[in-house]
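Tertiary structure, described
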Amino acid sequence: MRTREDVLDWLSSLLAFGVKPGLERMQAMLLELQIDPDAIPTIHVAGTNGKGSTVAFLREMGIAEGLRIGTFTSPYIIQFEERIMLNGVPIAEDDLVTAAIAVQAAIGRIDPALGTVTEFEALTGLAFYYFDQIRPDFVIYEVGLGGLYDSTNVFKKPVAAIITSIGHDHQAILGDTLQEIALQKFGIIKQGTPVIAGKLQEELTVPLMAYCGDRNATLKWSQEAIIRYRLKETGTWATYDGIPETRLGLEGHHQVHNAANAVICARRLGWSKAAIRKGLREAKHPGRFEIISRKPRIILDGAHNPEGITALVERLKEESKPVTLLCSILRDKDRTAMLTQLRSITPDIYETTFDFPRARTLDELKQDGANVTTVEALFEQLSAERTYVVTGSLYFISEVRHYFASSFTKKGKF
């Protein structure tokens, strides 16, 4: 491998092996790489929604504290390399190639009886190798899927574990009920781990308290730090215990809670109030209520399940102009539930497809009675009198973002 394209091709070749829960291959890979996952202080983040935003707030707080903060997140919105970053800067091509060569060699030495390494396991290996080489002050790892059997769950002593939220997603793998899904997310909690939990459903609070109690893990509910907040079309302001009112870098009432996760974690790590407040202001997370144009107003939001749509709907209630929605809901998501919520905001909803294995095709959408259009057709009929929102999948958001940048910005339309 010599280029980033070589690395991406190699990783893509592993996609055929799908998702295989279990940590045996990951542990064997780290052993071959001679990497101790606990050698660098680690913050582990799990949850159905809000993981990436929580990471974004916490990363900026750490940077403001003067620290070197590594992050491992998924999926990417702008470029693949943003999945592995140091202080918000994506991994360089040379470092990516070096890591891939080392990981590929390690995989070749693993006992074949353990099974073939998956794409996400290899990607996680790249992150571990890179951070082991550069040794940042902290690394924040975002869980890819679930928690208990996720490739990132190889730590024995993370400095903190954050559970952002629990919702219905990936039921085929994680379980049908909230309780089953929650136990998968709780799996990142280790003996004696400080735990920060976001706003969970009432029926999950006692199970989490019991889970932490069995492991002597201290539990702090982040919503207790929220004093008040206010939402406007122009932004979101929040006041936390000991932190004066601050305009958040990310918008919406759900971001108030995501930011609270970061506030509690940063306090536990001893970071200054000034750094925490600066991190609240400067957090950025592409594709999460991201305003890419103001005239006309165009918003990209990667809400991809009913809980994510609920948060989007609450924020859109603050919009002063009529809303037009364009969405592409993946085949394995609850389209009916998501559309029902979106219709509470506007009847002006269009659906489309894009180049992705799990995307619904135009024929499938037409059979379901969808109001079908294309990204190109909608963006050719924009009006300054409306707010346009693109949602339904982070993968779709990534494609639309690239389309907007290449087709509109270069033409000088906005």
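These lines cover the structure that appears in this document, whether it is placed above or below. The model shown is predicted, which means the values in this text are computed figures rather than measured ones. (Residues numbered from 1 in each chain as written. Predicted model: local features only at pLDDT ≥ 70, side-chain atom pairs only at ≥ 80, totals over all residues. Heavy atoms only, no water.)

Comments concerning the overall build of the protein
Each helix and strand in the protein was counted, giving 15 helices and 16 strands. Here the C-alpha radius of gyration of the protein, 21 Å, is about what a compact globule of 414 residues would show, namely 22 Å. Projected onto the principal axes, the alpha-carbon positions of the protein cover approximately 60 × 50 × 40 Å. A separation of at least 24 residues holds for 73% of the contacts in the protein among residues at least 6 apart in sequence. (Helix = DSSP H or I, 4+ residues; strand = E, 2+ residues; numbered from the N terminus. Rg over C-alpha atoms; globule rule 2.2 N^0.38 Å. Contact = heavy atoms within 4.5 Å.)

Side note on the pairing of strand 14 (residues 323-327)
Where burial is concerned, most of strand 14 is hidden: five out of the five residues are buried. Of the two faces of strand 14, the one carrying Val 323, Leu 325 and Cys 327 and the one carrying Thr 324 and Leu 326 are both buried. Relative to strand 16 (residues 387-391), strand 14 runs parallel, the two being bridged by five bridges. Of the residues in strand 16, the one forming a bridge with Val 323 is Thr 387. Here strand 14 pairs with strand 15 (residues 349-351) via three bridges, running parallel. The residue of strand 15 that forms the bridge with Leu 325 is Ile 349. (Buried < 20%, exposed > 50% of the residue type's maximum accessible area, 1.4 Å probe, protein only. Pairing = 2+ DSSP bridges.)

A short note on the nonpolar core
Ile 84, Leu 126 and Phe 131 are the most contacted members of the largest nonpolar core, which totals 39 residues. Here Ile 84 is in contact with Thr 71, Phe 72, Val 89, Pro 90, Ile 91, Leu 123, Leu 126, Ala 127, Tyr 130 and Phe 131, once residues within four sequence places are set aside. Grouped together as the second largest cluster of nonpolar side chains are 33 residues, Ile 69, Tyr 240, Leu 250 and Cys 265 included. (Core = buried A, V, L, I, M, F, W, Y, C linked by side-chain atoms within 4.5 Å.)

Some thoughts on the pattern of salt bridges
Think of it this way: side chains of opposite charge can pair up when their charged atoms draw near. Applying the stated criterion across every chain yields a total of 18 salt bridges. The partner of Arg 109 in a salt bridge is Glu 32, with the nearest N and O atoms 2.9 Å apart. Highlighted residues: Arg 109 in the loop between helix 4 (93-108) and helix 5 (119-134) and Glu 32 in helix 2 (residues 24-33), separated in sequence by 77 residues. With a relative accessible area of 47%, Arg 109 lands in the partly exposed category. Across the pair Glu 364 and Arg 331 runs a salt bridge whose closest N-O atoms are separated by 3.2 Å. One end of the pair, Glu 364, is in helix 13 (residues 362-367); the other, Arg 331, is in the loop between strand 14 and helix 12 (335-342), with 33 residues separating them in the sequence. Looking at Glu 364, the relative accessible area reads 27%, which means it is partly exposed. The partly exposed category is assigned to Arg 331, whose relative accessible area is 38%. (Salt bridge = Lys/Arg side-chain N within 4 Å of Asp/Glu carboxyl O.)

A short note on the packing of helix 3 (residues 51-64) against helix 10 (residues 273-282)
Two numbers describe how helix 3 lies on helix 10: the axes approach to 7 Å, and their chain directions differ by 135 degrees. The pairing of helix 3 with helix 10 is recorded here as oblique in orientation. Every pair of crossing elements has a handedness; the one defined by helix 3 and helix 10 is right-handed. For the pair helix 3 and helix 10, the contacting residues are Phe 57, Glu 60, Met 61 and Ala 64 in the first and Ala 275, Ile 276, Lys 278, Gly 279, Leu 280 and Glu 282 in the second. Residue composition of the contact of helix 3 with helix 10, grouped by class: six nonpolar, one polar and three charged. (Axes fitted to C-alpha atoms, helices over the stretch in contact; angles between N-to-C directions. Parallel < 35°, antiparallel > 145°, perpendicular 65-115°, else oblique. Left-handed = near helix turned anticlockwise from the far one by under 90°. Nonpolar A, V, L, I, M, F, W, Y, C, P; charged D, E, K, R; others polar.)

Comments concerning unusual backbone geometry
A cis amide bond links Ser 74 with the next residue in sequence, Pro 75, at an omega value of -10 degrees. Residue Lys 295 is joined to Pro 296 through a cis peptide bond whose omega torsion reads -5 degrees. Mapped onto the elements of the fold, Pro 296 is located in the loop between strand 12 (290-294) and strand 13 (297-300). Residues other than glycine seldom take positive phi values, yet Asn 216 does so here, at roughly 50 degrees. As for its position among the elements, Asn 216 is in the loop between helix 8 (202-214) and strand 8 (219-221). Overall, Asn 216 belongs to the exposed group, its relative accessible area being 57%. Positive phi is not limited to glycine here, since Phe 289 has a value of about 45 degrees.

That's the geometry; what it means functionally is another story.
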